[in-house]
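# Notes for the structure review
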Protein chains: 2
Amino acid sequence: MSLQTINDFSIQKTEKSKIDSIDFENVKFGTVFSDHMLVCHYKDGAWGQVEIKPYGPMQFEPSSNVFHYGQAIFEGMKAYKDDNDDVWLFRPRENWERFNKSAERLAMPQIDETRFVDGLKTLLQLDRDWVQKGKGNALYIRPFMIGTHPGVVAGPSSEFMFCIILSPARTYYSGKVKVQIAEHYSRAANGGVGYTKCSGNYAGQFYPTKLAQEAGYQQVIWTDDATHTKLEEAGTMNVFFRINDTLITAPTSERILDGVTRKSLLDIAKSKGLDVQVKSIVVNDLLEAIKKGELKEIFGAGTAVTIGQIEGFAYQDEYHQLPEIADEDSYAVMLKETLQGIQTKAIEDTFNWTEKI
Amino acid sequence: MSLQTINDFSIQKTEKSKIDSIDFENVKFGTVFSDHMLVCHYKDGAWGQVEIKPYGPMQFEPSSNVFHYGQAIFEGMKAYKDDNDDVWLFRPRENWERFNKSAERLAMPQIDETRFVDGLKTLLQLDRDWVQKGKGNALYIRPFMIGTHPGVVAGPSSEFMFCIILSPARTYYSGKVKVQIAEHYSRAANGGVGYTKCSGNYAGQFYPTKLAQEAGYQQVIWTDDATHTKLEEAGTMNVFFRINDTLITAPTSERILDGVTRKSLLDIAKSKGLDVQVKSIVVNDLLEAIKKGELKEIFGAGTAVTIGQIEGFAYQDEYHQLPEIADEDSYAVMLKETLQGIQTKAIEDTFNWTEKI
Ligand SMILES: Cc1ncc(COP(=O)(O)O)c(C=O)c1O
Ligand SMILES: Cc1ncc(COP(=O)(O)O)c(C=O)c1O
């Protein structure tokens, strides 16, 4: 199958682009959508035609599966524009593969690379003006799939919608954040869906995160639900710890999302000769390291923020502030600069991660 | 607040009822919906007017919170008709309270008793012909709430829709079922959302249930995710075990839904003088009891089926068949008869559980 020819798509262009009404300098992440979206329906055991059409609301039955039983998965990716106005994707096949892993665990159908990756590229060609140049700027890409079959029988849907929407994202420096280490609540079970990007994983985090925010912390570092000692993830980010000059992150598991940013940072760090260890890290390791003055940095890694620096953590009602670190000594800053450089083609992509559309 | 007067509602009646086109004798559970539905929107921190209007599709933004981050909760209840054509609800305030517990954990707004219970009664008055008489017949009631605010920022929605839809349900004897005890997959984490009726809890069960079905079992009995030894729930049912003449069910916890059927059966069983124990029960208890010939019955309990008898279970690739039991010796049959009798007013409701609309 190939979507090289336009015949495989139905493309309906918007009559009037709304791009001139967008204040790209001040756009708030995830609130504005581009002119077009991609829609594809699954029915009778097969995906239908890929439709690209103006972004807008759609009709759903109130008994649609997604409203009741939560068959809903998504991905988060970005498109970047280089100085020559070429538009680039970053490791899009990683997202496509992870989408299909999520789909399998949520009893949803697999989607082919053509509809996902080539479909996305065609959509991006149409909305390429929505990709802004400049460091940290990007067009955020949100592929998602939902169960659409009507009926309130608790079981998998037989009909699904795959959709891609696009939202301009600006670089933002939100400052370093304070986090709370989860002692009671958790986001994932052994044998559960923690490693997938299913909607339910996010809804479950909002209440504990709200409690953390009320206590003065912006994010929660999630721990394993059995012992609440293993440090696993932070909000929508994988999490890294630097103890002395060793960079540590938890191995991925059933409970942890296999982040594209995480795995890219691991490769960059190794290529820079850093001492990298993928191993389980527990709260006591952290408490000991901070006591000895060996805990240098903590940061989260994910597509939305690339890297988010963490300035301190609360555990058992005690707050632990990390020492100040100069930008030129920070692994977080160095890794973020390198990754963003590769993504926007400012730095040579020796890893072959970028893909021109 | 009170909705005694029709002014508090907006009621738009269907122009033509579709009730005559429904073959109530052969209706498949959860596939047909009544003429009307209740809809109410939450915005700017408050619930709006309760609208009752013809059942039908609605428009949603593709970036609505529910499609991405899964803020979606529901309830399942039934309305019954007695021999005098009066329509009855069963413990509706239990469902309303549980709905609000789910809402709190999912960072969704609380809804008042007036909109939920009185709103439902008004809806049922309009669609009362959809409640069929006869043992086991009922009108299934599905209240649900979803996050509707557009935007792909991972955080709670600021706008919500509360909705009630109604679906005629017939008694069905599906036979006894074979179940598989979960050894790898799980539905709930400690500190998670297992005790709520949020959509994500259901989507996560479909794949393991499909695997169980491919192996010849209709349902999964879920175990705790840390040790996979504690027997907790079965699909959309709480689960009861009878060892000799003792009826055992797990205590409710963060991981287990506090079922209305479960708690009603406990009260009925006690009122009948049965030996009832609410305690954690592990797989080994079951294996030992079956070896000694002491395991008499296993059954699930939930609104949809009332009671579903289980004829045997698979554990570690071995299938264990329960002994045959005559209906007149079965606790499951006795409890089901009593509960259904109370619900349909065939048996006196000494518990004060039923509520006329
Ligand atoms: C739970 C969770 N962990 C980690 C990540 C980071 O993954 P990625 O680097 O692929 O964006 C995400 C997604 O952004 C996430 O939702
Ligand atoms: C997970 C789960 N357990 C148990 C039950 C039984 O609860 P109830 O008796 O209130 O219907 C349900 C719902 O029907 C459920 O979804």
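Residues numbered from 1 in each chain as written. Chains lettered and ligands numbered in written order. Predicted model: local features only at pLDDT ≥ 70, side-chain atom pairs only at ≥ 80, totals over all residues. Heavy atoms only, no water.

The name an unreviewed UniProt entry assigns to chain A is Branched-chain-amino-acid aminotransferase, from the organism Myroides guanonis. Under Cofactor (unreviewed entry), UniProt gives the following word-for-word description of chain A: "pyridoxal 5'-phosphate". What the UniProt record of chain A gives under Function (unreviewed entry) is the line "Acts on leucine, isoleucine and valine." (UniProt positions renumbered as here; feature names shortened; annotations may be inferred.)

## Digging into the UniProt feature "modified residue: N6-(pyridoxal phosphate)lysine" (unreviewed entry) in chain A
Residue and element names in this part refer to chain A. Following the UniProt record, one finds the feature "modified residue: N6-(pyridoxal phosphate)lysine" (unreviewed entry) at K197. Structurally, the position occupied by K197 is in the loop between β11 (177–181) and α4 (199–214). Sequence-distant contacts of K197, defined by excluding residues within four places in its chain, comprise A72, I73, F74, E75, G76, R98, S102, Y202 and L257. (Helix = DSSP H or I, 4+ residues; strand = E, 2+ residues; numbered from the N terminus. Contact = heavy atoms within 4.5 Å.)

## A few points about the side chain of N95(B)
Residues and elements named next belong to chain B. Along the chain, N95 turns up in helix α2 (residues 92–105). When its relative accessible area of 3% is taken as the criterion, N95 is described as buried. Polar contacts involving the side chain of N95 include one to the side chain of E75, which spans 2.8 Å. With near-sequence residues (within four places) excluded, N95 lies in contact with E75, G76, M77, F90, F116 and V260. (Buried < 20%, exposed > 50% of the residue type's maximum accessible area, 1.4 Å probe, protein only. Polar contact = N/O pair within 3.5 Å; in protein donor to acceptor, adjacent residues only side chain to side chain.)

## A word on the relation of the copies chain B and chain A
With an RMSD of 0.0 Å, the operation that places chain B on chain A is a rotation of 180° combined with a shift of 0.0 Å along the axis. The superposition of one copy onto the other is thereby described by a two-fold rotation axis. Same-surface contact between copies: 100% of interface residues of chain B are shared with the interface of chain A. (Least-squares fit on C-alpha atoms with pLDDT ≥ 70 in both.)

## Re the environment of S174(B)
For S174(B), the location among the structural elements is in the loop between β10 (160–169) and β11 (177–181). In this structure, the C-alpha to C-alpha distance between S174(B) and Y42(B), residues 132 residues apart in sequence, is 40 Å.

## Considerations on the side chain of E233(A)
All names here are of chain A. Take E233: it is sitting in strand β13 (residues 231–234). For E233, a relative accessible area of 4% corresponds to the buried category. Side chain to side chain, E233 and R187 meet in a polar contact 2.7 Å long. Within the local environment of E233, its side chain forms a polar contact with the backbone nitrogen of L257, the two atoms lying 3.3 Å apart.

## Some words on the pattern of salt bridges
By the definition in use, this model includes 34 salt bridges over all chains. Close ionic contact of E113(A) with R93(A) constitutes a salt bridge, the shortest N to O distance being 2.2 Å. With a gap of 20 residues between them, E113(A) in helix α3 (residues 113–126) and R93(A) in helix α2 (residues 92–105) connect regions that are remote in the sequence. In this structure E113(A) comes out as partly exposed when scored by relative accessible area, which is 27%. Note that E232(B) is salt-bridged to R255(B), the shortest N-O span being 2.7 Å. Placement of E232(B) in strand β13 (residues 231–234) and of R255(B) in the loop between β15 (246–249) and α5 (260–271) is noted, with a sequence separation of 23 residues between them. Across this residue pair, the class does not change: E232(B) and R255(B) are buried. Counted as one network, the salt bridges with shared partners bring together R91(A), E94(A), D258(A) and K263(A). (Salt bridge = Lys/Arg side-chain N within 4 Å of Asp/Glu carboxyl O.)

## Re the site of ligand 2
Residues and elements named next belong to chain B. Residues in contact with ligand 2 amount to 16 residues; listed here are only the nearest, K197, Y202, E233, T261 and T303. Here an oxygen atom of ligand 2 and a side-chain polar atom of K197 are 3.1 Å apart. Within the contact set of ligand 2, an oxygen atom lies 2.6 Å away from a side-chain nitrogen or oxygen of T303. Protein chains bury 96% of the 380 Å² of accessible surface belonging to ligand 2 in isolation. At the level of secondary structure, the elements contributing two or more residues to the shell around ligand 2 comprise β14 (237–243), α5 and β17 (295–302). The class makeup of the residues in the shell around ligand 2 is five nonpolar, seven polar and four charged. (Near = heavy atom within 4 Å. Areas by Shrake-Rupley, 256 points an atom, 1.4 Å probe, with all protein chains shown as cover. Nonpolar A, V, L, I, M, F, W, Y, C, P; charged D, E, K, R; others polar.)

## Topic: the packing of aromatic side chains
Under the counting rule described, the total for this entry stands at 44 aromatic pairs over all chains. Between F90(B) and W353(B) the ring centres are 5.6 Å apart and the planes differ by 75°, which places this aromatic pair in the edge-to-face class. In this pair, F90(B) is assigned in strand β8 (residues 87–90) and W353(B) in the loop between α7 (331–343) and β20 (354–356), connecting sequence segments 263 residues apart. There is no split in this pair, since F90(B) and W353(B) are both buried. Above the face of the W88(A) ring, K345(A) is positioned so that its terminal group lies 3.9 Å from the ring centre. (Phe/Tyr/Trp six-rings, centres within 6.5 Å; stacked < 30°, edge-to-face > 60°. Lys NZ or Arg CZ within 6 Å of the ring centre and 35° of its normal.)

## What to know about the interface of chain B and chain A
Across the contact, 59 residues belong to chain B and 59 residues belong to chain A. For the pair chain B and chain A, the two sides together bury roughly 4900 Å², of which 64% comes from carbon and sulfur. Inspection of the region where chain B meets chain A yields 26 residue pairs in polar contact (both at pLDDT 80 or more). At the level of elements, β5 (58–60), α1 (65–68), β6 (72–74), α2, β9 (138–147), β10 and α4 (199–214) of chain B are the ones that each hand at least two residues to the side of chain B that touches chain A. For the side of chain B that touches chain A, the element with the most residues is α4(B), which contributes eight residues. Broken down by class, the residue content of the side of chain B that touches chain A amounts to 34 nonpolar, 19 polar and six charged. Pairing geometry for strand β5 (residues 58–60) of chain A and β5(B), over three bridges, is antiparallel. When the bridges of β5(B) are listed, Q59(A) appears paired with Q59(B). (Buried area = accessible area lost by both parts, 1.4 Å probe. Pairing = 2+ DSSP bridges.)

## Overview of the packing of α2(A) against α3(A)
Residue and element names in this part refer to chain A. Two elements in contact, α2 and α3, have axes whose closest approach is 10 Å; the angle formed by their N-to-C orientations is 140°. What the angle tells us is that α2 and α3 run oblique. Every pair of crossing elements has a handedness; the one defined by α2 and α3 is right-handed. Touching P92, R93, N95, W96 and F99 of α2 are E113, F116, V117 and K121, all from α3. When its residues are assigned to classes, the contact of α2 with α3 shows five nonpolar, one polar and three charged. (Axes fitted to C-alpha atoms, helices over the stretch in contact; angles between N-to-C directions. Parallel < 35°, antiparallel > 145°, perpendicular 65-115°, else oblique. Left-handed = near helix turned anticlockwise from the far one by under 90°.)

## Some points on the environment of F240(B)
All names here are of chain B. Looking at the secondary structure, you find F240 in strand β14. Between the C-alpha atom of F240 and that of Q277, which follows or precedes it by 37 residues, the distance is 10.0 Å. Not counting residues up to four positions away in its chain, the partners in contact with F240 are L247, I248, T249, R262, L265, L266, E297, I298, F299 and A301.

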